[in-house]
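So you can see what is in the structure, the chains are spelled out below.
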Amino acid sequence: MKQTVKALIPLLAVIILLPGCAKKIKQQEDEIYSRHLQTHVKLTIISTPLPDDKGEMNLLLLNDGQDMEQLKVKETLADLYKKNLLQPVIIVGINAANRNDIYGVAGQPDYQNRGSKADKYAAFIDNELYAFVKKRAGVRKFKSVTIAGSSLGGLSAFDIAWNHADKIDKVAVLSGSFWWRDKDAAAPDYSDDTNRILLASVKSSRKKPHLKYWFYAGDKEETSDRDKDGVTDAVDDTKDLITIIQKKNVCPPGDIVFHESKEGKHDYDSWSKVFPEFLLWAVGK
């Protein structure tokens, strides 16, 4: 009898600990082979516990997954989840091996031929990664899907969301590289109206994507001011894109959020400070 009791003690300890463990934020490394990119893509996956109803799980795809620690993703998620402010979510950080090749506007490299594989990266997200994550999570359909990124990763996130709104519900861009252009800004015939690739593409697009948008830009990201209006290009480019979206009337005014920071810089310190606000917008209760 004593031996039986002794044998049960470790089992009981595990049972007692399970509820506490189940409430923890989990992080794991994974990878997927992409036939579109012809390479293995590393993933960093951080998630809240699975809900009883897996249909309540949300998905956040995050460009530049190799920098999730600098963005303080795990600690921010853990803090907000502990305060019962978030819905269940899986955050998939997609590590970028060569971001100058894969980030950009699909099918339209810039004037230095950067973003030459942006179309292949978009196909990877749409055709391969989405199904991979659903299978891994055991989810038939996510409650919501958000894609986000910063700088070039933000440009990429917006382009992918705009063109694949059948799978994506929300897009967030932190300091997006919306200056992305097909001609050197120093060229005598350069024009903001026609040479900023993404803005020109959205303006001419016939798509009517039902998306929600969250933008961030800082007043101290740079000193460049192409139009000499006293506003830095990072802020101007973001505001110009928002104006184009508004004119296309693809969503209610309240579905576009713009956070402009007077002290914001083009770095992870600034982005990590607004990440909690973004996360609450994306998957808050």
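Residues numbered from 1 in each chain as written. Predicted model: local features only at pLDDT ≥ 70, side-chain atom pairs only at ≥ 80, totals over all residues. Heavy atoms only, no water.

Q: I keep staring at the overall build of the protein and nothing clicks. Help me out?
A: Summing up its helical and strand segments, the protein has ten helices and eight strands in all. Rg of the C-alpha trace for the protein: 21 Å, near the compact-globule value of 19 Å for 285 residues, within the 12% margin. Its C-alpha atoms give the protein principal-axis dimensions of roughly 90 × 40 × 30 Å. Looking at the 285 residues of the protein, the share that counts as buried comes to 50%. (Helix = DSSP H or I, 4+ residues; strand = E, 2+ residues; numbered from the N terminus. Rg over C-alpha atoms; globule rule 2.2 N^0.38 Å. Buried < 20%, exposed > 50% of the residue type's maximum accessible area, 1.4 Å probe, protein only.)

Q: What's the story with the side chain of Glu221 in this structure? I'm lost.
A: Here Glu221 shows up in the loop between strand 7 (212–218) and helix 9 (233–248). In this structure, Glu221 is buried with no salt-bridge partner, the nearest side chain bearing the opposite charge being Arg99 at 11 Å. Polar side-chain contacts of Glu221 include one of 2.7 Å to the side chain of His266. If we skip the residues at most four places from it in the chain, Glu221 touches Ser175, Tyr216, Ala234, Gly264, Lys265 and His266. (Lys, Arg positive; Asp, Glu negative; His and termini not counted. Salt bridge = Lys/Arg side-chain N within 4 Å of Asp/Glu carboxyl O. Polar contact = N/O pair within 3.5 Å; in protein donor to acceptor, adjacent residues only side chain to side chain. Contact = heavy atoms within 4.5 Å.)

Q: Would you mind showing me how to read the packing of aromatic side chains here?
A: Within a pair of aromatic rings, the relevant descriptors are the distance that separates the centres and the angle that separates the planes. A full pass over the atoms with the stated rule returns 14 aromatic pairs. Ring centres of Tyr103 and Tyr121 lie 5.6 Å apart, and the angle between their planes is 70°; this geometry places the pair in the edge-to-face category. Note that Tyr103 is positioned in the loop between helix 4 (99–102) and helix 5 (118–137) and Tyr121 in helix 5, a separation of 18 residues in sequence. When sorted by exposure, Tyr103 lands in the same class as Tyr121, which is buried. Summarising the aromatic geometry, the rings of Tyr121 and Phe124 are spaced 6.0 Å apart at their centres and angled 40° between planes, so their arrangement reads as tilted. You can see Tyr121 and its partner Phe124 sitting in helix 5, three residues apart, about one turn around the helix. Given the relative accessible area of 2%, Tyr121 is considered buried. Of the residues examined, Phe124 reaches a relative accessible area of 0% and is grouped as buried. Feature note: the residues Phe158, Trp162, Phe178, Tyr213 and Phe215 constitute an aromatic cluster, connected by ring pairs. Directly above the ring of Trp281 sits Lys170, whose terminal nitrogen or CZ lies 5.5 Å from the centroid. (Phe/Tyr/Trp six-rings, centres within 6.5 Å; stacked < 30°, edge-to-face > 60°. Lys NZ or Arg CZ within 6 Å of the ring centre and 35° of its normal.)

Q: What's the story with the sheet that holds strand 2 (residues 39–47) in this structure? I'm lost.
A: Hydrogen bonds between backbone groups are what pair the strands of a sheet, and the pairing can be parallel or antiparallel. One open sheet holds the eight strands; their spatial order is 1-2-4-3-5-6-7-8, and the pairing between them is mixed. Strands with a single pairing partner mark the edges of an open sheet, and in this sheet they are strand 1 (26–34) and strand 8 (256–261). Taking the axes of each pair of neighbouring strands and ignoring which way they run, one obtains an average angle of 15° across the sheet. Looking at chain direction, strand 7 and strand 8 are connected through six bridges and run parallel. If you follow Tyr213 over to strand 8, its bridge partner there is Ile256. Against the sheet, helix 5 contacts strand 1, strand 2, strand 3 (58–63), strand 4 (89–94) and strand 5 (145–150), and its axis sits at roughly 130° relative to strand 1. (Pairing = 2+ DSSP bridges. Axes fitted to C-alpha atoms, helices over the stretch in contact; angles between N-to-C directions.)

Q: What is the right way to read the pairing of strand 4 from this model?
A: Regular strands place side chains that alternate from one sheet face to the opposite one. Of all six residues making up strand 4, six are buried, and the element is well covered by its neighbours. Burial of strand 4 is two-sided: the residues Val89, Ile91 and Gly93 facing one way and the residues Ile90, Val92 and Ile94 facing the other way are all buried. With six bridges connecting them, strand 3 and strand 4 associate as parallel partners. Residue pairing across strands places Asn63 opposite Ile94, the latter belonging to strand 4.

All we've got here are geometric facts, nothing functional implied.
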